[in-house]
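Examining the three-dimensional arrangement
In case you want the letters, here they are:
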Amino acid sequence: MLQSIRSRLIALVLAVALPLLGLLVWVFWSEVSRVHNSAQDLALRIARSLASDLSDSNARANALLTRMVGRPKIRHATAGDCDSLFAIVDFFPQYLNLVLFDTRGNIVCSATPTEADAKISAAAESLISARLRSAPNASLETIVLPIAGKWISVDFRATRDGNAVTGILALEQYLDLDVGAFPTGTVVTLVDANGRIAARSPDGERWLGRDYSATGAGRIATTAREGRAQARGVDGVTRQYGFTHVPGRDWLVYVGIPAGVGRAAVRSLIVRGLSAGMIIFAVVLLLALRLARTIKSPLDVLAGAAKRVADAGYVGQVPADGPREIAVVAQAFNHMIESRSEVETALEALSKKLLDVQEEERSRIAREIHDELGQLLTALKMDIGGLLISAEPLNPDQKMMARRIRQALTQTISSVQRISAELRPAALDDFGLIAAIESDVHTFEERTGVECDLSFPSDTLTFGSEVDAAIYRIVQEAMTNVARHSDATRLEIKLRQNDGVASLEIRDDGKGIPAEKVRDHRSLGIIGMRERARRIGASVEVEGVEGRGTTVSVRIPVPAAQAGAS
Ligand SMILES: Nc1ncnc2c1ncn2[C@@H]1O[C@H](COP(=O)(O)OP(=O)(O)OP(=O)(O)O)[C@@H](O)[C@H]1O
Ligand SMILES: [Mg+2]
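Residues numbered from 1 in each chain as written. Chains lettered and ligands numbered in written order. Predicted model: local features only at pLDDT ≥ 70, side-chain atom pairs only at ≥ 80, totals over all residues. Heavy atoms only, no water.

**Comments concerning the overall build of the protein**
- Broken down by element type, the protein carries 14 helices and 17 strands.
- A compact globule built from 566 residues would reach a C-alpha radius of gyration of about 24 Å, whereas the protein, at 62 Å, exceeds it by more than 25%.
- For the protein, the spread of C-alpha atoms along the principal axes amounts to about 200 × 50 × 35 Å.
- Intrachain contacts of the protein at a sequence separation of at least 6 include 60% that bridge at least 24 residues.
- As displayed, the protein has an accessible area near 32400 Å², and 57% of this comes from carbon and sulfur atoms.
- Mean positive and mean negative side-chain charge positions of the protein (66 and 67 charges, respectively) differ by 9 Å. (Helix = DSSP H or I, 4+ residues; strand = E, 2+ residues; numbered from the N terminus. Rg over C-alpha atoms; globule rule 2.2 N^0.38 Å. Contact = heavy atoms within 4.5 Å. Areas by Shrake-Rupley, 256 points an atom, 1.4 Å probe, with all protein chains shown as cover. Lys, Arg positive; Asp, Glu negative; His and termini not counted. Charge placed at Lys NZ, Arg CZ, Asp CG, Glu CD.)

Structure, rendered in structure tokens:
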């Protein structure tokens, strides 16, 4: 299928725009994954630093406890004398309190916590007492307690007398799980050796003790001790996670940074990119459509003019504007039209001349035939007649011969008359247009068997000899075509005259002339009709309807003085 310039240009714009759009989408995704990767990197870095802090503070606490439980004064401490020993915690701001419990969970002695830490410390101690009381032989693993929004880790050491456990020394210290310094929405989770949440910031109390290994974030740690991934946390929120184990313990630290962090910047970049892209696309599309119109409109004008040249011999000029290449075509077209019109003028003159010559020649031959041949033949016929009635009678054979010759002569004379009449009908000169047409129609009916209907305003209608002759010849050619090509059974010839225009219509009911034959340059009969009409300023239309017949219509402008009855 042929494609228009417009659709090709639109295809071109799309061919450029779609890959660009694809590129933009690709940039977006790679930016988003870059942002995710860097968020995971950050999460892992935070997790590592928290894990090493935890491990360090744990190690320091253990070292302190180990040294202390080795001291005889502590092994045998009583409520009265431990205060001075335990005052050591005052020098470490991260330590809340140092407490010695007996094996049943009762406090033997304790340091004096600062006023700010006293409440938290008291709450921690009651929890530790409860734990020691309910399971006196429980392992002395470090525990983490959430109290009043703070995280407290407690390390234990047993004091011994020989092999017998005499008491439990517990060091309470703050865990630095504050997420305030990290990107908004960051979550830190501490998971113990059993895969349960030992601490979480924020909302720790809510999730404490939950099984973390079943969550998306928990699952990422099943194969590695350290790693990073996008996953769902225990609260169902998707984040970029980094996790690592706490050195020296079976604990894992998870740091989750919200998935959306950093994406907003990428999104706004993409939105700006897309908006600019859409504007550029719209502008380019508009320009393409304009260009298509700029090319198409002069081409349409040219195509229209070319069609009119083909259909109606248009001789006007087309504007030589639009793009340079098309303007060049338009100039060439105009040049062609000029040359064509010059050739046509010459052809017109030639055909006029030809018709004049033909008409003159026909008249001369008709006159010669009529005057010379006709006279001679008539004289011969009279001679033969004389022979038949002469004084010296002919013998019967001679008589028969003479009669045959006379008969042949009679036929020859009427043939000569018919031929000369067709060449230049005397009837046209002698009796006028209508009588000449009537006489031809009569002969036509006899010869072809086509039923004819002739209609005209008056028997003596005439338009002057030149116009009459043209009309007569047009009728003659139309009738010949009906006889030769139409297979018609009826023929109607109408001549009308009103308001300075005479109209002639010759209509048959035959098979109908095909449209291409009307325009065919080989249809010399039709071209001849047009030529004759043009000479008298008239026009001819030939129209056929398949199976219904053909109509030849002639419009002849008639100056008032010329028309009338002779
Ligand atoms: N009345 C008609 N009915 C059907 N077809 C016609 C009729 N008149 C003309 N035609 C068709 O149009 C063609 C052209 O006609 P045209 O008179 O120009 O040429 P022609 O009759 O073939 O030759 P000539 O030059 O001797 O007249 C014919 O060959 C014929 O096919
Ligand atoms: Mg013809």
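After presenting the structure, the write-up continues.
**Here's the deal with the site of ligand 1**
- In the vicinity of ligand 1 lie 13 residues, with Glu477, Asn481, Arg484, His485 and Ile526 positioned nearest.
- With respect to ligand 1, the side chain of Asn481 contributes an N or O atom lying 2.8 Å from an oxygen atom.
- Here ligand 1 loses 78% of its free accessible area of 590 Å² to cover by the protein chains.
- No other element matches the five residues that helix H12 (residues 465-486) contributes to the shell around ligand 1. (Near = heavy atom within 4 Å. Polar contact = N/O pair within 3.5 Å; in protein donor to acceptor, adjacent residues only side chain to side chain.)

**Concerning the coordination of the magnesium ion (ligand 2)**
- Coordination of the magnesium ion (ligand 2) by the protein involves Glu477 (OE) and Asn481 (OD1), with metal-donor separations of 2.1 to 2.2 Å. With Glu477 and Asn481 both in helix H12, this residue pair falls four residues apart, about one helical turn.
- Taking the relative accessible area as the measure of exposure, Glu477 reaches 23% and is therefore partly exposed. (Donors = N, O, S within 2.8 Å, 3.2 Å for Na, K, Ca; no water. Buried < 20%, exposed > 50% of the residue type's maximum accessible area, 1.4 Å probe, protein only.)

**Here's the deal with the sheet that holds strand S13 (residues 490-498)**
- Taken in spatial order, the five strands make up an open sheet running S11-S13-S14-S16-S15, and their pairing is mixed. Because the sheet does not close on itself, it has two edges, and the strands there are strand S11 (451-455) and strand S15 (539-545). Neighbour-to-neighbour, the strand axes of this sheet turn through a mean angle of 10 degrees, independent of strand direction.
- The pairing of S13 with strand S14 (residues 501-508) spans eight bridges and is antiparallel. Note that in S14 the partner of Asn498 across the bridge is Val501.
- Packed onto the sheet, helix H11 (residues 433-448) meets S11 and S13 and runs at close to 170 degrees relative to S11.
- Sheet strands touched by helix H14 (residues 524-535): S15 and strand S16 (549-557). Its angle to S15, the strand with the most contacts, is close to 150 degrees. (Pairing = 2+ DSSP bridges. Axes fitted to C-alpha atoms, helices over the stretch in contact; angles between N-to-C directions.)

**Quick notes on the sheet that holds strand S3 (residues 143-147)**
- On the basis of which strands lie adjacent, the open sheet formed by five strands has the order S2-S1-S5-S4-S3 and antiparallel pairing. Edge positions in the sheet fall to strand S2 (107-110) and S3, since each of these pairs with one other strand and no more. Averaged over all pairs of adjacent strands, the angle between their axes in this sheet comes to 30 degrees, without regard to strand direction.
- The strands that helix H1 (residues 5-69) touches are strand S1 (95-102), strand S4 (150-161) and strand S5 (164-174); relative to S4, the one it contacts most, it runs at about 30 degrees.
- Its contacts with the sheet put helix H4 (residues 115-134) on S1, S2, S3, S4 and S5, and the angle it makes with S1 is roughly 30 degrees.

**What to know about H14**
- Taking 1.5 Å of rise per residue, the twelve residues of H14 would be expected to cover 16 Å, and the 16 Å separating its terminal C-alpha atoms lies within 8% of that figure.
- Of the surrounding secondary structure, the elements contacted by the buried residues of H14 are helix H8 (324-388), H12, helix H13 (515-519), S15 and S16.
- Positive backbone phi, approximately 75 degrees, marks Gly537, located one or two places after H14. (Expected span 1.5 Å × (residues − 1).)

**As for the environment of Ile10**
- Within the secondary structure, Ile10 sits in helix H1.
- Residue classification places Ile10 among the partly exposed residues on the basis of a relative accessible area of 25%.
- Excluding its chain neighbours within four sequence positions, the residues that come into contact with Ile10 are Leu285 and Leu289.

**Thoughts on the pattern of salt bridges**
- Here the structure, examined in full by the defined rule, presents 19 salt bridges.
- For Arg228, the salt bridge goes to Asp41, with nearest N and O atoms at 2.2 Å. Taken as a pair, Arg228 in strand S8 (residues 226-232) and Asp41 in helix H1 lie far apart in primary sequence, 187 residues in all.
- Exposure remark for Asp41: the relative accessible area of 31% places this residue in the partly exposed category.
- Linking Arg473 and Glu359 is a salt bridge whose minimum nitrogen-to-oxygen distance equals 3.1 Å. With Arg473 in helix H12 and Glu359 in helix H8, this pair connects stretches of sequence that are 114 residues apart. Assigned by exposure class, Arg473 and Glu359 land together as buried.
- Through salt bridges with shared partners, a single network forms among Lys352, Asp356, Glu466 and Arg535. (Salt bridge = Lys/Arg side-chain N within 4 Å of Asp/Glu carboxyl O.)

**Regarding the pairing of S1**
- When you tally the buried positions in S1, you get eight out of eight residues, the bulk of the element.
- Across seven bridges, the pairing between S1 and S5 is antiparallel. The partner of Leu100 across the bridge, within S5, is Leu169.
- Pairing analysis gives three bridges linking S1 to S2, with the strands arranged antiparallel. For Leu100, the partnering residue across the bridge sits in S2 and is Cys109.
- Taken together, S1 and the strand that follows it, S2, pair antiparallel across an intervening segment of four residues, in which Gly105 is found at a positive phi of about 95 degrees.

**Brief notes about the layout of surface pockets**
- The volume enclosed by the second largest pocket comes to roughly 490 Å³.
- Lining the second largest pocket are 24 residues, and of these Asn481, His485, Ile513, Lys517 and Ile526 lie nearest its centre.
- Put simply, the parts of the chain that give the lining of the second largest pocket at least two residues each are H12, S14, H14 and S16.
- Take the lining of the second largest pocket: its biggest share by element is seven residues, from H12.
- Counted by class, the lining of the second largest pocket contains nine nonpolar, eight polar and seven charged residues. (1 Å grid on protein atoms, 1.4 Å probe; cavity = no way out; pocket = protein on both sides within 12 Å on 5 of 7 lines; lining within 4 Å. Points joined across faces, edges and corners; volume = space filled by probe spheres on them. Nonpolar A, V, L, I, M, F, W, Y, C, P; charged D, E, K, R; others polar.)

**Concerning the domain arrangement of the protein**
- Entries for the protein in the domain assignment read domain 1 (37-265), domain 2 (315-424) and domain 3 (434-566).
- The C-alpha-based centres of domain 1 and domain 3 are spaced at 120 Å. (Domains from an automatic or database assignment.)

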